[in-house]
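Structural features, examined
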Amino acid sequence: MVHLVIVKNIGFLSFGHWQDVQGSQVRTAQDALLQTIELAVAAEEVGVSGAYVRVHHFARQLASPFPLLSAMAARTSTIELGTAVIDMRYENPLYMAEEAAIADLLSDGRLQLGISRGSPEPALNGAAAFGYVPDEGETDADMARGHTELFRAAIGGAALVRGNPQMGAPGALAIQPQSPGLADRIWWGAGTRATAVWTAEQGMNLMSSTLLTEDTGVPFDELQAEQIAMFRAAWNEAGHDAGENARTPRVSVSRSILPLIDDETRHYFGVRAQADAKDQVGYIGEELARFGRSFIGEPDVIAAELAQDAAVAAADTVLVTVPNQLGVEFNARLLESIVKDIVPALG
């Protein structure tokens, strides 16, 4: 079935890998940081609307995103800047609220923050090393959601501490600075349909990646489209679309899209086109998960395949995961082809 696809926003998503190995253009952490900034600049120039980074700890990947997002803001003017996602188990909610507000003010309101309860990671009990351990009877997910609740209260301007009258601060105090509108630009990375419903009930936008931590036997895009439909139904049921503060929620999905446009792209990805053209089902820990396929081929072929993707049709934003270790120029060419050759063909 061909769906009506109206993609309003195309962003790139970089995991920021670095490794000192043959073929890598990103040998050090400094390389990863500087090249992420340069790719945001290049992406804005070719018409990409979002630059997003994945946050990992105890890994040779991007972490501590707010200094990086602020540097990206200083070099760009229109592109959205975001995360997909920040693991809230690791975060001090009030310090994060200060950093997020500063980055949003520096970007003139372009921040789009994806957050979540976290995913399997290299570190064993990594959040505990940062000083965060669930209370008795709590799970890691409970702790992450508790951190999220406090963070959202802080960026929303809630008075969180009593003022010190001796310092001329009677009453109660909110975190400063505040960045108006940031509270509406928080996204939750949901891996299941049930979590998508919870996300809607909380009034957050929805991020759905290239894997779902559940499987019903239907193709990945159909399961993800069902997740999106349940999110929107729950949003309406919660009443977020009514009243003076009504707003339409945003939904993003991630996809691996690799157009074969020259000898170099064919060299790196041509042999993967057949192998990665189907969903994969496997376990992440004890959870059965379904992984979405990659889209590799000539731009017109990819456009035709994406036109049949039910979740791409349902989302307003598509985040394209980039092979960042191949460098800025390589990834800028991929993104330019997606914007100029693939998106127009989708309608």
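Read on for an overview of the structure. (Residues numbered from 1 in each chain as written. Predicted model: local features only at pLDDT ≥ 70, side-chain atom pairs only at ≥ 80, totals over all residues. Heavy atoms only, no water.)

1. Observations concerning a nonpolar patch on the surface
Applicable threshold: The patch calculation keeps residues exceeding 30% relative accessible area without a salt bridge and links them within 9 Å when they carry like charges or within 5 Å when they are nonpolar (Val, Leu, Ile, Met, Phe, Trp, Tyr). To measure how exposed things are, a 1.4 Å probe is used in the Shrake-Rupley method; for residues, cover is taken only from the protein chains shown. Here a salt bridge means any side-chain nitrogen of Lys or Arg lying within 4 Å of a carboxyl oxygen belonging to Asp or Glu. Strands are runs of DSSP state E lasting at least 2 residues, helices are runs of H or I lasting at least 4, and numbering of each runs from the N terminus. Whether a residue is buried, partly exposed or exposed follows from its accessible area with a 1.4 Å probe, protein chains only, as a fraction of its type maximum: under 20%, in between, or over 50%, in that order.
A surface patch of nonpolar side chains, amounting to about 280 Å² of accessible area, comprises L150, L160, V161 and L173. Relative to the assigned elements, L173 resides in strand β6 (residues 172-174). Judged by relative accessible area, L173 falls into the partly exposed class, the value being 36%.

2. A closer look at the pairing of strand β12 (residues 287-291)
Where we set the bar: Being paired, for any two strands, means DSSP has found at least two bridges between them.
By the bridge criterion, two bridges tie strand β9 (residues 211-212) to β12 in an arrangement that is antiparallel. Bridged to L212 within β12 is R290. Note that strand β11 (residues 280-284) and β12 share five bridges and pair antiparallel. If you follow V281 over to β12, its bridge partner there is R290. A loop of two residues connects β11 with β12, the two strands running antiparallel in sequence, and G285 in this loop sits at a positive phi of about 65 degrees.

3. Considerations on the packing of helix α3 (residues 93-106) against helix α5 (residues 140-155)
Note the threshold: Axis lines are fitted to C-alpha atoms, over the contacting stretch for helices. Their N-to-C directions set the angle, which ranges from 0 to 180 degrees. Put simply, angles under 35 degrees are roughly parallel, angles over 145 are roughly antiparallel, angles from 65 to 115 are roughly perpendicular, and the rest are oblique. Crossing handedness: left-handed means the near helix sits turned counterclockwise from the far one by under a right angle, and right-handed means the same turn made clockwise. The contact rule is simple, with two residues in contact once any of their heavy atoms fall within 4.5 Å.
For the pair α3 and α5, interaxial distance at closest approach is 8 Å and the crossing angle is 40 degrees. For the element pair α3 / α5, the angle class is oblique. Judged by the twist between their axes, the crossing of α3 over α5 is right-handed. Contacts from P93, L94, M96, A97 and A100 in α3 reach H147, L150, F151, A154 and I155 in α5.

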